[in-house]
Amino acid sequence: MFAGLMLLAPGCGSDDDEESTGGTSGATAGAGGGVALDVALQEFAVLPASESAPAGDVTFTVTNTGPEDTHEFVVFKTDLAADALPTAPDGSVDEEGEGVELIDEIEDIAVGDTPTLTVSLDAGSYVFICNIVEEEGQDTIVHYQQGMRTGFTVE
């Protein structure tokens, strides 16, 4: 399934990211010497094309592959494991909690949308998550708790 998503993700790239030719190889050289990295969001996973990137400017091209839910892409610098971030009473990640530094985020990414986010990242450990909490009838769905989280290393 992961390989299939990575084959689809490059075709969803925006014109803003012309230097990133996508492919399944992961991070690629971007404009201005930075790195471009594709990330797929789906129910319920965060799937970067690579598990690491060099320090410096990183442009994430984030595609919500759905199939149904709106997602968000949140970048934290942290030494905590992806499944051990501090949480609020509703189960979402406390974005100002102990041990996490919020770097940046893209909110409300609709299915099929492919926004980009460029951030300057220092060497270290990071976690990417979706922090959406939604109500479906009597149920509360917390995307982070459903597995929308992954570790990432900047070298």
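Starting afresh in each chain, residues are numbered from 1 along the sequence in its written order. At least 70 in pLDDT is required for a residue's local features to be given in this predicted model, at least 80 for side-chain atom pairs to be given and counted, and no such filter applies to totals for whole chains, interfaces and linings, which use all residues. Side-chain measures here rest on the full set of heavy atoms in the structure, leaving out hydrogens and waters.

**A look at the overall build of the protein chain**
And then number 1: Each helix corresponds to a stretch of at least 4 residues labelled H or I by DSSP, and each strand to a stretch of at least 2 residues labelled E; elements are numbered beginning at the N terminus. For the protein chain, the count of helices and strands is 1 helix and 12 strands.
And then number 2: Beginning at the N terminus, the succession of helices and strands in the protein chain can be written as α-β-β-β-β-β-β-β-β-β-β-β-β.
And then number 3: Note on classification: 1.4 Å probe, protein chains only; a residue is buried when its accessible area is under 20% of the maximum for its type, exposed when over 50%, partly exposed between these limits. Counting only residues that meet the buried cut, the protein chain has 46% of its 155 residues in that class.
And then number 4: Across the protein chain, the fraction of contacts at a sequence separation of at least 24, relative to all contacts at a separation of at least 6, is 64%. For this analysis, residues touch if any pair of their heavy atoms sits within 4.5 Å.

**Here's the deal with the confidence of the model for the protein chain**
And then number 1: Note: pLDDT gives the predictor's confidence per residue, expressed from 0 to 100. Chain-level pLDDT for the protein chain is 85 on average; 79% of the residues reach the 70-or-more range.
And then number 2: Note that residues 1-25 has pLDDT below 50 and, in this model, 35 contacts with residues that lie over four places away or in other chains.

**Topic: the nonpolar core**
And then number 1: By size, the foremost hydrophobic cluster in this structure holds 24 residues, and its most contacted members are Leu41, Phe60, Val62, Phe73 and Phe128.
And then number 2: Considering each element in turn, this core owes the most residues, 4 residues, to strand 2 (residues 35-42).
And then number 3: In this structure, Phe60 is in contact with Leu37, Val39, Phe73, Pro115, Thr116, Leu117, Val119, Leu121 and Phe128, ignoring residues within four places of it in sequence. The set of buried Ala, Val, Leu, Ile, Met, Phe, Trp, Tyr and Cys residues whose side-chain atoms join them within 4.5 Å is what this entry labels a nonpolar core.

**Regarding the sheet that holds strand 4 (residues 52-53)**
And then number 1: By definition, two strands form a pair when at least two bridges between them are found by DSSP. What the 5 strands build is an open sheet, ordered 4-12-9-6-7; its pairing is mixed. What marks the edges here is a single partner per strand, and that holds for strand 4 and strand 7 (100-109).
And then number 2: As judged from the 7 bridges shared by strand 6 (residues 71-78) and strand 7, these two strands associate in the antiparallel manner. Along strand 7, the bridge assignment pairs Val74 with Glu105.

**Quick word on the environment of Ser52**
And then number 1: Examined against the element boundaries, Ser52 turns out to sit in strand 4.
And then number 2: What makes Ser52 partly exposed here is its relative accessible area of 22%.
And then number 3: Measuring from C-alpha to C-alpha, the distance between Ser52 and Val154 comes to 5.5 Å, with 102 residues separating the pair along the chain.

**Re unusual backbone geometry**
And then number 1: For the bond running from Glu43 to Phe44, omega is -15 degrees, close enough to zero to count as cis.
And then number 2: Here Phe44 lies in the loop between strand 2 and strand 3 (45-48).
And then number 3: A cis geometry characterises the amide bond from Gly66 onward to Pro67, with omega recorded as 25 degrees.
And then number 4: When you line up the elements, Pro67 lands in the loop between strand 5 (56-66) and strand 6.
And then number 5: Its identity as a non-glycine residue notwithstanding, Asp108 has a phi of 50 degrees, on the positive side.

**A short note on the packing of aromatic side chains**
And then number 1: Each pair of aromatic rings taken from Phe, Tyr and Trp, with Trp reduced to its six-membered ring, is defined by centres within 6.5 Å and is described as stacked if the planes are under 30 degrees apart, edge-to-face if over 60, and tilted in the remaining cases. For the coordinates displayed, the defined rule picks out 5 aromatic pairs.
And then number 2: An angle of 55 degrees between the planes, with centres 5.1 Å apart, marks the rings of Phe73 and Phe128 as tilted. Taken together, the residues Phe73 in strand 6 and Phe128 in strand 9 (residues 124-129) connect sequence positions 55 residues apart. This pair shows no difference in class: Phe73 is buried, exactly as Phe128 is.
And then number 3: One aromatic cluster is present, built from ring pairs that chain together Phe60, Phe73, Phe128 and Phe152.

**Quick look at the side chain of Asn131**
And then number 1: Assignment of secondary structure puts Asn131 in the loop between strand 9 and strand 10 (133-136).
And then number 2: Under the rule applied, a polar contact is a pair of N or O atoms within 3.5 Å (in protein, one hydrogen donor and one hydrogen acceptor; residues adjacent in sequence only if both atoms are side-chain atoms). Within polar-contact distance, the side chain of Asn131 engages the side chain of Glu95 at 3.0 Å.
And then number 3: Apart from the residues lying within four places of it in its own chain, the contact partners of Asn131 are Glu72, Val74, Ser92, Val93, Glu95 and Tyr144.

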